[in-house]
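What follows is each chain in one-letter form.
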Amino acid sequence: MKLTSFSELDCWKEARSLRNDISILVKGFPKEEKYDLVSQIKRSSRSVTANIAEGYGRFHYQENIQFCRISRGSLTETLDHLIVAFDEGYISEEMLKEFQVRLEKCLKLLNGYINYLKRAKQDK
């Protein structure tokens with residue numbers, strides 16, 4: 001079955017779920033973080049799905065792969081922001097670990113998609 005939209009990609013679906021949960025999570029952060037940590041973590045988590053979508057819309061495999069690599073960087077940036085949230089006492093260690101597991105799952109799915117694109121590029 002051929003995909004007809006980026007929204008059918010497992011890596012995008014998982015990143016979307018993560019992004020939505022982060023948006024809910026940061027609503028409990030202190031007001032003084034609204035334009036600092038809250039803004040940064042929301043932007044980095046949104047960047048994950050946005051770059052997957054943008055890459056999917058590109059004509060060449062290599063361009064798609066590059067956007068997926070940017071998305072991968074945004075995943076690790078999001079993790080760093082979550083570590084800051086833990087260090088500042090905004091989330092528990094248990095919550096940090098739960099998000100780490102989910103971020104790792106996103107990373108594995110994204111790496112799988114990148115490998116698929118590399119194979120498809122070679123087979124062309």
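Residues numbered from 1 in each chain as written. Predicted model: local features only at pLDDT ≥ 70, side-chain atom pairs only at ≥ 80, totals over all residues. Heavy atoms only, no water.

Draft legend 1. Molecular detail of the nonpolar core. If you look at the biggest cluster of nonpolar residues, it comprises 29 residues, and the most contacted ones within it are Leu-18, Phe-29, Ile-52, Leu-75, Leu-82, Ile-91 and Leu-110. At the level of secondary structure, the elements contributing two or more residues to this core comprise α1 (10-25), α2 (37-56), α3 (61-87) and α4 (93-123). The leading source of residues in this core is α4, at 9 residues. Setting aside residues up to four positions removed in sequence, Leu-75 forms contacts with Leu-18, Val-48, Leu-103, Cys-106, Leu-107 and Leu-110. (Core = buried A, V, L, I, M, F, W, Y, C linked by side-chain atoms within 4.5 Å. Buried < 20%, exposed > 50% of the residue type's maximum accessible area, 1.4 Å probe, protein only. Helix = DSSP H or I, 4+ residues; strand = E, 2+ residues; numbered from the N terminus. Contact = heavy atoms within 4.5 Å.)

Draft legend 2. How the structure looks around the packing of α1 against α4. At a closest axis distance of 8 Å, the pairing of α1 and α4 adopts a crossing angle of 155 degrees. Relative to α4, the element α1 is oriented roughly antiparallel. The interaxial crossing formed by α1 with α4 has left-handed handedness. Within the contact between the two elements, α1 uses Asp-10, Cys-11, Glu-14, Ala-15, Ser-17, Leu-18, Asp-21, Ile-22 and Leu-25 and α4 uses Met-95, Phe-99, Arg-102, Leu-103, Lys-105, Cys-106, Leu-109, Leu-110 and Tyr-113. Of the residues in the contact of α1 with α4, the class split is 12 nonpolar, 1 polar and 5 charged. (Axes fitted to C-alpha atoms, helices over the stretch in contact; angles between N-to-C directions. Parallel < 35°, antiparallel > 145°, perpendicular 65-115°, else oblique. Left-handed = near helix turned anticlockwise from the far one by under 90°. Nonpolar A, V, L, I, M, F, W, Y, C, P; charged D, E, K, R; others polar.)

Draft legend 3. Layout of the packing of aromatic side chains. Under the definition given, this model contains 3 aromatic pairs. A ring pair is formed by Phe-6 and Trp-12, whose centres lie 5.3 Å apart and whose planes are at 75 degrees; its orientation type is edge-to-face. The class of Phe-6 is partly exposed, set by a relative accessible area of 28%. Ring centres of Phe-29 and Tyr-90 lie 5.3 Å apart, and the angle between their planes is 40 degrees; on these two criteria the pair is classed as tilted. Here the residue Phe-29 occupies a position in the loop between α1 and α2, and Tyr-90 occupies one in the loop between α3 and α4, the gap between them amounting to 61 residues. Taking relative accessible area as the criterion, Phe-29 reaches 7% and is therefore assigned buried. (Phe/Tyr/Trp six-rings, centres within 6.5 Å; stacked < 30°, edge-to-face > 60°.)

Draft legend 4. Spatial organisation of the packing of α1 against α2. Across the interface, α1 lies against α2 with an axial gap of 9 Å and an inter-helix angle of 160 degrees. The orientation of α1 with respect to α2, classified from their angle, is roughly antiparallel. The handedness of the crossing between α1 and α2 comes out as left-handed. Where α1 abuts α2, its residues Cys-11, Trp-12, Ala-15, Arg-16, Arg-19, Ile-22 and Ser-23 lie against Ile-41, Lys-42, Ser-45, Arg-46, Val-48, Thr-49 and Ile-52.

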